[in-house]
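Read off the chains here:
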Amino acid sequence: MDPLVIPLETDNHPIPDIKYEYLDHTADVQLHAWGETLREAFEQCGMAMFGYMTELDTVGISRCYQIRTDPTDDLENLLFRFLDELLFLFSAEPYQICKKLEITKFDTENFCIECRCYGEEFDLKKHPQGTEVKAITYSAMQINQRPEHEQNEVFVIIDI
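Predicted, not measured: the structure shown is a model, and the values here were computed from it. (Residues numbered from 1 in each chain as written. Predicted model: local features only at pLDDT ≥ 70, side-chain atom pairs only at ≥ 80, totals over all residues. Heavy atoms only, no water.)

Engineer: Can you tell me about the sheet that holds strand S4 (residues 63–68), naming the residues and giving the values?
Structural biologist: What links the strands of a sheet is backbone hydrogen bonding, and the strands pair in either a parallel or an antiparallel sense. Taken together, four strands build an open sheet; the order of strands is S1-S4-S6-S5 and the sheet is antiparallel. Looking along the sheet, the strands with just one partner apiece sit at the ends: strand S1 (4–6) and strand S5 (96–107). Each neighbouring strand pair of the sheet contributes to a mean axis angle of 25°, computed without reference to strand direction. As paired elements, S1 and S4 share three bridges and run antiparallel to each other. Its bridge partner lying in S4, isoleucine 6 is registered against cysteine 64. (Pairing = 2+ DSSP bridges. Helix = DSSP H or I, 4+ residues; strand = E, 2+ residues; numbered from the N terminus. Axes fitted to C-alpha atoms, helices over the stretch in contact; angles between N-to-C directions.)

Engineer: Break down the packing of aromatic side chains for me, citing the residues and quoting the values.
Structural biologist: Applying the stated criterion across every chain yields a total of six aromatic pairs. Between the aromatic rings of tyrosine 20 and tyrosine 22, the centroid separation amounts to 5.8 Å while the plane-to-plane angle is 65°, which identifies the pairing as edge-to-face. The rings of Tyr20, Tyr22 and Tyr52 are connected pair by pair, giving a single aromatic cluster. Its guanidinium or amino end placed over the ring of tyrosine 118, lysine 100 lies 5.4 Å from that ring's centre, counting from NZ or CZ. (Phe/Tyr/Trp six-rings, centres within 6.5 Å; stacked < 30°, edge-to-face > 60°. Lys NZ or Arg CZ within 6 Å of the ring centre and 35° of its normal.)

Engineer: Give me the UniProt feature "domain: Archease" (unreviewed entry) in the protein chain: which residues, what numbers.
Structural biologist: Those residues carrying the UniProt feature "domain: Archease" (unreviewed entry) are residues 20–160 in this numbering. Annotated as residues 20–160, this span is 23% helix and 39% strand, and its ends, taken at the C-alpha atoms, are 18 Å apart. (UniProt positions renumbered as here; feature names shortened; annotations may be inferred.)

Engineer: Account for the side chain of arginine 63, with residues named and values stated.
Structural biologist: With respect to the element layout, arginine 63 can be found in strand S4. Lacking a salt bridge, the buried arginine 63 has glutamate 121 as its closest oppositely charged neighbour, with an N-O distance of 4.2 Å. In terms of polar contacts, arginine 63 uses its side chain to reach the side chain of glutamine 96, at 2.8 Å. Apart from the residues within four sequence positions on either side, arginine 63 is in contact with Leu8, Pro94, Tyr95, Gln96, Cys117, Tyr118, Gly119, Glu120 and Glu121. (Buried < 20%, exposed > 50% of the residue type's maximum accessible area, 1.4 Å probe, protein only. Lys, Arg positive; Asp, Glu negative; His and termini not counted. Salt bridge = Lys/Arg side-chain N within 4 Å of Asp/Glu carboxyl O. Polar contact = N/O pair within 3.5 Å; in protein donor to acceptor, adjacent residues only side chain to side chain. Contact = heavy atoms within 4.5 Å.)

Engineer: Can you tell me about the pattern of salt bridges, naming the residues and giving the values?
Structural biologist: Taken as a whole and judged by the stated rule, the model has four salt bridges. The shortest N-O distance in the salt bridge between lysine 19 and glutamate 40 comes to 2.8 Å. One end of the pair, lysine 19, is in the loop between S1 and strand S2 (20–25); the other, glutamate 40, is in helix H1 (residues 38–53), with 21 residues separating them in the sequence. With a relative accessible area of 18%, lysine 19 lands in the buried category.

Engineer: How would you explain the packing of H1 against helix H2 (residues 75–91) if you had to name every residue and give the values?
Structural biologist: For any two helices packed against each other, the geometry is given by the interaxial angle and the distance between the axes. For the pair H1 and H2, interaxial distance at closest approach is 11 Å and the crossing angle is 35°. Seen from above, H1 lies across H2 with right-handed handedness. Contact residues: Leu38, Phe42, Glu43, Cys45, Gly46, Met49, Phe50 and Met53 in H1; Leu75, Leu78, Leu79, Phe82, Leu83, Leu86, Leu87 and Phe90 in H2. Here the residues of the contact of H1 with H2 sort into 14 nonpolar, one polar and one charged. (Left-handed = near helix turned anticlockwise from the far one by under 90°. Nonpolar A, V, L, I, M, F, W, Y, C, P; charged D, E, K, R; others polar.)

What follows is the structure, given as structure tokens:
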């Protein structure tokens, strides 16, 4: 689905704390992200992917795109589709690199997401080139949804 450009309402976009890490994996990398809610863990996983592509402290916020995933049948497919939409946003013109993700709709009955993606066009003169992400995989994907007040986690291997 094509992303929708959203006008920025303000220049004040607080950046959430980093709640992700990179784990070694043979020839690829595993993203491990967490949050107080599953929604936050998904957002953090998307940020981990962008952080692997460039240093996020070099990214400004000059535009916002809204993405949507089509409804699916389970959480694993939802996470895959969400990350795939983000990867498409980066891979197609105008090459959006995101500094902040805000999931505005997280539907776990119909398994669909709407997300605002804040960032700017990727520019090699400004953004250090990290590692190219070729694809999202289902390999060893884990989603650990926890009761209230416990950490939710996701693990995703990306093909680099």
